[in-house]
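Take a look at the letters that make up each chain.
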Amino acid sequence: MIWFVAALIGLAAVAWGFRFAGQAVTGNAPKFRDMPYGVAYGYVLGAAVLAWLVWAYMQGRSDDQAIANKFFFLRIAIEGFIIFAIAAWLFRLLGRSVGTARSKKLFRSMPLTASFGILTILIYAIFAIFAGLIAPYGQEQIIPGVAANIIPGGDPELGGNPDFPLGTDQIGRDILSRLIYGAQNTVGIAFATTVLAFLLGGTLGFLAATLGGWLDQLLSRAVDVLMAIPSLIFALLLMTIASVWAPELGIPLTVFMVVIIAVIDSTRVYRLARAVGQNIVVMDYIEAAKLRGEGLGYLVFKEILPNATAPLLAEFGLRFCFVFLTIAALSFLGVGIQPPLADWGTMVRDLGGFVNFAQFAPMAATAPLLAAGAIALLTVAVNFVVDWMLHKSSGLKE
Amino acid sequence: MSDEILLKMRDVWLEGRSDETWNPIINDVDLTLKKGEVLGLIGESGAGKSTLGLAAMGYTRDGVRISKGSVEFDGIDLLTASAAVKRALLGKRIAYVAQSAAASFNPAHKLMDQHVEGPVQHGVMGRGESEADGIELYAKLRLPNPDEIGFRYPHQVSGGQLQRCMTAMAMSCRPDLIIFDEPTTALDVTTQIEVLASIRDIVEQFNTAAIYITHDLAVVAQMADTIKVLLKGDEVETADTRVMLATPTQEYTKSLWAVRSFERPLKSAVQTGSVPVVSVQNIDASYGTVPVLHDVSFDMHEGRTVAVVGESGSGKSTAARCITGLLPPTAGQIMVDGDVMPPDYRKRSKDQLRQVQMIYQMADTALNPRMSIGQIIARPVEFYLGLKGAEKRKKVDALLEQIELEPSQYYHRLPSELSGGQKQRIGIARALAAEPKFIICDEVTSALDQLVAEGILRLLARLQDELSLTYMFITHDLATVRAIADEVVVMKDGRVVEQGPKVEMFTPPHHAYTDLLLSSVPEMDPDWLTNLLAERGVDNIGDAAVDKM
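Residues numbered from 1 in each chain as written. Chains lettered and ligands numbered in written order. Predicted model: local features only at pLDDT ≥ 70, side-chain atom pairs only at ≥ 80, totals over all residues. Heavy atoms only, no water.

## As for the pattern of salt bridges
In step 1: In the structure shown here, the tally under the stated rule is 38 salt bridges over all chains.
In step 2: Arg379 of chain B is the salt-bridge partner of Glu294 of chain A, the closest N and O atoms lying 2.6 Å from each other. With one member in each of two chains, Glu294 of chain A in the loop between α13 (284-292) and α14 (296-333) and Arg379 of chain B in helix α15 (residues 373-385) form a pair that bridges those chains. Arg379 of chain B carries the same exposure label as Glu294 of chain A, and that label is buried. (Salt bridge = Lys/Arg side-chain N within 4 Å of Asp/Glu carboxyl O. Helix = DSSP H or I, 4+ residues; strand = E, 2+ residues; numbered from the N terminus. Buried < 20%, exposed > 50% of the residue type's maximum accessible area, 1.4 Å probe, protein only.)

This is the structure:
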């Protein structure tokens, strides 16, 4: 602790020296002359963090296994970051040279983050759609004669098996296959749920904004009531009830889950759609359309919706991630996607105990983190793409 | 005024960043200001007046840079001065008064707290001293209750008073230079005159130099010693106010001067007994429980323009809302072609809706930004006339030609790709597409530059002659009324004060309020304000005079 404080104070002195040196060397150029102390400190701090990361990375590649293990995950993160950045850059380069004039133009103005996001989503989509062809084993297949809990990495010395590069789970199923099928189950269901939530919340929100009056009051108060109940607890409660009904009615529990999460999440969408819609309905062009005698359908779909796409798209990206996390959470708690279907949330729960090995056997701890990483990566990718679309549609410059 | 030079801008070039390149905003403009001199900077929107005004403070907005030239204030080079030097100057020796006082004051603090901030921060005065000085300034600016007004919040005083409070704030450190950026543009004429008089007074009293930015020639004629005309970033000419007004040398300047000369020929009187196209009969209306219209009646006859004038809050737009059916009147009725219209627009038939069309003040919000021009105009064509496919396209093209826009060039554009005047033309085309008899024009030219506004007025006049349209022309600008109206209705506080043919309205004797309105419109004569003040006295102009009625 004392070292940390000392380092910060040391940096403060360095920052002052940095600014002073800059002023002296550049002959008092405006950049250094008018630089606030905070900015100088920021530069120095940033440089220090960068230096530490380089040092930590080198530690991670150390020959001494004990030291290398300590920095194992940081090393993987840095390597992953660099590999993804290069992949995104290559993907953008590809997009710029192949395709129609329009798509080329799109790729030319694309930031690296967005091309990373699109690439990632594409890969997920391919895995989800062709899961049956890509996955080496079935998602529920227990391979005879194969041990349970084979460690990822495929290095026999560390307890791996080259036939199962990502190892096997607690009852001997191939983790790689389950991850691939998980894309199909988790992402597919999350997407369906989000679309449903938007259809429901968006339509009602715009209706409330356009018509106002008692309908607005009724819908808004109903939404308030639903929002007053903590959403995860509420979903848990409803899922428990549904798990009794599902076998009686012969409807898969998954359908209930989609509807329940969609309804709960549509309340947030409703709020946004109503607020955005209210800002649009006061515009003169809406008044002009009303005075023309236009019907409700035209008003909502032709006049309001096109002007509300930007905020709704942003919300879609966010909402998708939340739904996705809710499903993972429900599955983790055991009421979501049911075994033996592969699901990332369940995989994290089932293999979670291995995280305790992180200190001395990082490869073993990787097992549950693979599914968690898959969730995190998609969340980040979706948000990058949404950010970019928002930026484009809002016409923001720079 | 002395001969000592205060501000010297030499060969100033300004550039703005858009679409990843730097585009010129101001090209090679020189500006010299002596101590105590008032320079009027005029030009259309986009001419770069505000940008140049800010550059005089050594400041640029984000995305704008001074690429060449020098700005020297009292011997200090503002472009190379350090941040600390500039900080000491701005607010203390150079002050800025923005166009919208309502948007520039912080609504969470009292006026006085904001007023004393400058002097206290700059160490000119202590807080108590500065407050006392503020009260003195408020009195000098002829604000009502100068002792208390500073202790109100910005929303508790009127727009004109707020604008004067901002001027007082700019004066708080007794700067050498104040930049006024369209300080009266958003105000009513009767309020404007008050602000003009007090700004002129105080600038003279403290011998402050000023740059007065505006697009209104008549205003600048009252305020400035020298006038500089800008066009698209280039200086057109600079001259002494009187010289410039009497003998403008450049074509562009002459065209600016000529705008106000547009006037339609008079029409013969309405035949007695003819049925008015629209007749407003004894309507009362209220927003919630607040009554806004009281027993309003007027008729509008075919092929004629009825101008409804009044200040903001007089109920002229509300009358329009009653006619369109957006606000059903609580009493009285609206008749179109001798038939009573249902009060609520939802109860009107498609054909009844078609007959009454509207053109809005802000073309920006009146056109759906996500629809192309073609779609915007095609919709009423399809909706009312039932045309489809090639026929629809033909009709839209004809409409675009009618408003003098080349169809092939504009059909696929979005509203954001059009200039303000072009957008307003699209609004006109959309109204025409319904083939109406009657069009309500709600302040259609007040957001436009004078030259552009004149183009719109000429277009409206031509369309009226060709299609024998009837216009209800809502405006607060009496110059526009003079140009286009056949009959005039003057409104105040939700009542019709006076109505009649234009000639009668513009010749005395008037109703007292009409008289006040007419006399408050600035004229090009540089002595106009001085003469008016001498004639009426400072207490008989603006809000004070309105309140006496």
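We are not done yet, so read on.
## Section: the sheet that holds strand β1 (residues 5-18) of chain B
All names here are of chain B.
In step 1: Strand order in the open sheet made by the four strands is β2-β1-β4-β5, with antiparallel pairing throughout. Two strands lie at the open edges of the sheet, namely β2 (21-34) and β5 (76-77), each paired on one side alone.
In step 2: As judged from the two bridges shared by strand β4 (residues 64-73) and β5, these two strands associate in the antiparallel manner. Residue Glu72 lies in a different strand from β5, and its bridge partner there is Asp77. (Pairing = 2+ DSSP bridges.)

## Examining the interface of chain B and chain A
In step 1: Taken together, the contact pairs 26 residues of chain B with 20 residues of chain A.
In step 2: Of the roughly 2,100 Å² buried between chain B and chain A on both sides combined, carbon and sulfur atoms contribute 53%.
In step 3: Taken together, the links from chain B to chain A amount to two salt bridges.
In step 4: Put simply, Arg321 of chain B and Glu287 of chain A hold a salt bridge, and the shortest N to O gap is 3.6 Å.
In step 5: Where chain B meets chain A, there are eleven residue pairs in polar contact (both at pLDDT 80 or more).
In step 6: Ranked by the residues each element gives to the side of chain B that touches chain A, the list is headed by α15 of chain B, at four residues. (Contact = heavy atoms within 4.5 Å. Buried area = accessible area lost by both parts, 1.4 Å probe. Polar contact = N/O pair within 3.5 Å; in protein donor to acceptor, adjacent residues only side chain to side chain.)

## Section: the sheet that holds strand β8 (residues 209-214) of chain B
All names here are of chain B.
In step 1: Read across the sheet, six strands follow the order β6-β7-β8-β3-β9-β10 without closing on themselves; strand pairing throughout is mixed. Where the open sheet ends on each side, the last strands, each with one partner, are β6 (94-97) and β10 (234-240). Within the sheet, the average angular offset between the axes of one strand and its neighbour, ignoring direction, is 15 degrees.
In step 2: Where strand β7 (residues 177-181) lies against β8, five bridges are found, and the strand directions are parallel. (Axes fitted to C-alpha atoms, helices over the stretch in contact; angles between N-to-C directions.)

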